[in-house]
Amino acid sequence: MRAIIVDDERLARNELKRLLENFPSIEVVGEAANTVEASQLIEELQPDVVFLDIQMPGKTGFEWLEEWDGFLPEIIFTTAFDEYALKAFEVNALDYLLKPIELARLSESIQKLESRFQRPASTEKSVTSNHVLGGNDQIFVKDGEKCWFVRLDRVRLCESMGNYVRLFFDDQKPLVLKSLNSLEERLDPKLFFRCNRKHIVNLNFIDKIEPWFSGGLQVTLKGDKAEKIEISRRQSIRFKELLSL
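Quick caveat, the model's predicted, so the values are computed rather than measured.

Before going further, it helps to examine the overall build of the protein. Helix and strand counts for the protein come out as 7 helices and 15 strands. A globule of 245 residues ought to have a C-alpha radius of gyration of about 18 Å, and the protein, at 19 Å, matches this closely. Viewed in the frame of its principal axes, the protein has a C-alpha envelope of about 55 × 40 × 30 Å. Within the protein, the fraction of its 245 residues that count as buried is 46%. A separation of at least 24 residues holds for 49% of the contacts in the protein among residues at least 6 apart in sequence. Per element, the accessible surface of the protein, about 13300 Å² overall, is 49% carbon and sulfur. Mean positive and mean negative side-chain charge positions of the protein (34 and 41 charges, respectively) differ by 5 Å.

The next thing to look at is the side chain of Ser 160. Within the secondary structure, Ser 160 sits in strand S8 (residues 155-161). Residue contacts for Ser 160: discarding those within four places in its chain leaves Leu 180, Arg 197 and Lys 198.

So, on to the sheet that holds strand S3 (residues 49-53). Spatially, S2-S1-S3-S4-S5 is the arrangement adopted by the 5 strands of the open sheet, whose pairing is parallel. Strands with a single pairing partner mark the edges of an open sheet, and in this sheet they are strand S2 (27-32) and strand S5 (95-98). Within the sheet, the average angular offset between the axes of one strand and its neighbour, ignoring direction, is 20 degrees. Summarising the sheet, strand S1 (residues 2-6) and S3 pair through 4 bridges and their orientation is parallel. The partner of Val 6 across the bridge, within S3, is Leu 52. Contacts from helix H2 (residues 35-45) reach S1, S2 and S3, with the element oriented near 145 degrees to S2.

What counts and what doesn't
Residues numbered from 1 in each chain as written. Predicted model: local features only at pLDDT ≥ 70, side-chain atom pairs only at ≥ 80, totals over all residues. Heavy atoms only, no water. Helix = DSSP H or I, 4+ residues; strand = E, 2+ residues; numbered from the N terminus. Rg over C-alpha atoms; globule rule 2.2 N^0.38 Å. Buried < 20%, exposed > 50% of the residue type's maximum accessible area, 1.4 Å probe, protein only. Contact = heavy atoms within 4.5 Å. Areas by Shrake-Rupley, 256 points an atom, 1.4 Å probe, with all protein chains shown as cover. Lys, Arg positive; Asp, Glu negative; His and termini not counted. Charge placed at Lys NZ, Arg CZ, Asp CG, Glu CD. Pairing = 2+ DSSP bridges. Axes fitted to C-alpha atoms, helices over the stretch in contact; angles between N-to-C directions.

As structure tokens, then:
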């Protein structure tokens, strides 16, 4: 698993790198001293995990995470302050490590990370092969005691819910154990579009498009629910390029 360390203190980055040498499954592929450098590295390298400091010059780790709308790896916060723990989990961070980081505590985080990439096949039956899924493909979805076998072109919306994704089709909203990033890799980009950090929409279900705040867009989906989804400013540029003549 490819990792990036984001911390304004060089000694702290070096110490974490030294600790991570104890875990053969982790490869540190980049370092950043601030969130600007982190954004560039994440877009370029698309790592599996970011060890993210909270208190840094410029934007804090939380401020960056709230604004970031690009590819989002798993986040493990590293900080010397314990008062941010609750907020860290509110933004769906994988873990929260207090400095100085202890090897045993880091090991717990790595185990959590490894479990994300080694889920039982039965929980992800619909997304286990490597080929891109098109609208005519059927997927098996299981949520609790209920099961569905549904064509993808009936799925109008995918919404990230922490470690799960909620699929919206017909009047159903089951949860599947899958990250939105992983699901995006399997979906046909000609049919499904990533609007923001939390949502992927089926382009065929878009009923209305409106200008929105800060240069973004808002789309309204077809159907009785008429869900309204914001397209971030960054993704709005891609959206216009994709659908323009």
